[in-house]
Amino acid sequence: MFNKILSQTLLKSFFLVILILFTLLTLPSNVFSQDSIRLNENKQIEQSCELTPSTVQGPYYKENSPFKQDLAKGTEGDKLVVSGKVMNFNCEPIKGAILDFWQADSQGEYDNVNFNLRGKVISDVNGNYTLKTIFPGSYSDGNLVRPSHIHVKAWIPENPGNPSLVTQLYFKGDPNMDQFVKEPLIINLNEKNGTKYANFDFVLEDYRVFGN
Ligand SMILES: [Fe+2]
């Protein structure tokens with residue numbers, strides 16, 4: 001009798017061991033790769049780029065501006081070239097991002113009828129863009145004297161949700177800085193052969209990195 005109970009217990013234990021082994025072998029592999037997931041997350045955090053801050057759009061945006069090589073063709077003013085990269089929050093370059101610029105002329109006037117000093121630029125295969133324009137004039141908005149600035153709306157057409165950044169670029173040393181200015185939006189100017197040059201990198205929301 002005792003032997004029978006013992007053999008039944010051994011048999012049950014044997015099947016239990018087999019069941020445990022089978023369960024372990026058939027678990028999804030990602031159960032064992034939590035560390036690597038954590039590593040990847042840490043890697044993303046280490047590589048993250050700060051999103052370009054937004055600021056007010058203002059009242060002078062016009063939709064459907066054309067793609068242009070030179071925003072200021074034929075418009076008088078100090079020549080200005082702004083260039084840089086468009087990146088995502090992993091600091092990877094983005095091709096095909098649309099940068100829709102608009103600005104005042106050297107007298108601080110916007111063209112609200114046509115598309116002078118308004119136009120879209122697209123980032124190239126390495127995420128690079130170049131904006132050729134003139135230096136914008138300061139203007140008065142009610143009691144507020146605005147610093148020289150270039151407005152921009154930026155987006156990535158294929159990005160899920162298609163979020164757009166609305167912001168403005170400012171220039172270091174401007175005496176009229178106001179409450180809409182944010183420090184990361186202030187750019188340095190260099191001058192060479194009568195043309196001002198500035199560098200600015202955009203960091204946009206891009207949810208394609210999550211594989212959507
Ligand atoms: Fe403006």
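The residue count restarts for each chain, going from 1 along the sequence in the order it is written. Given that this is a predicted model, residues contribute local features only at a pLDDT of at least 70 and side-chain atom pairs are listed and counted only at 80 or more, while totals for whole chains, interfaces and linings are drawn from all residues.

A. Quick peek at the sheet that holds strand 3 (residues 118-122). Pairing between strands is defined by DSSP: at least two bridges between the two strands are required. Going along the chain from the N terminus, every DSSP run of H or I of four or more residues is numbered as a helix, and every run of E of two or more is numbered as a strand. Taken together, the five strands give an open sheet; going across it, the order is 3-2-7-8-9, and neighbouring strands pair in mixed fashion. Whereas interior strands pair on both sides, the edge strands pair on one side only; in this sheet they are strand 3 and strand 9 (186-187). Pairing analysis gives two bridges linking strand 8 (residues 165-171) to strand 9, with the strands arranged parallel. Looking at strand 9, one finds that Tyr170 is bridged to Ile186.

B. Here's a closer look at the nonpolar core. As used throughout, a nonpolar core is a set of buried Ala, Val, Leu, Ile, Met, Phe, Trp, Tyr and Cys residues joined through C-beta atoms within 7 Å of each other. For every residue, the other C-beta atoms within 10 Å of its own C-beta are counted; 20 or more classify it as buried, 12 or fewer as exposed, and values in between as partly exposed. C-beta atoms are placed from the backbone. Val86, Ala97, Leu99, Phe101, Ala154 and Leu204 are the most contacted members of the largest nonpolar core, which totals 28 residues. Sorting the residues of this core by element identifies strand 1 (79-87), strand 2 (98-103), strand 4 (128-134), strand 7 (149-155), strand 8 and strand 12 (202-203) as the ones contributing at least two each. Our contact criterion uses C-beta atoms placed from the backbone: two residues qualify when those atoms are within 7 Å. When near neighbours in sequence (up to four residues on either side) are disregarded, Leu204 contacts Val86, Asn88, Ile94, Ala97, Ala154, Ile156 and Leu165.

C. Here's a closer look at unusual backbone geometry. One non-glycine residue, Asn64, lies in positive phi territory at about 65°. One can find Asn64 in the loop between helix 2 (34-47) and strand 1. Take Asn64: there are 8 C-beta atoms within 10 Å of it, and that puts it in the exposed class. Within the chain, Leu117 stands out as a residue other than glycine whose phi angle is a positive 60°. Residue placement: Leu117 occurs in the loop between strand 2 and strand 3.

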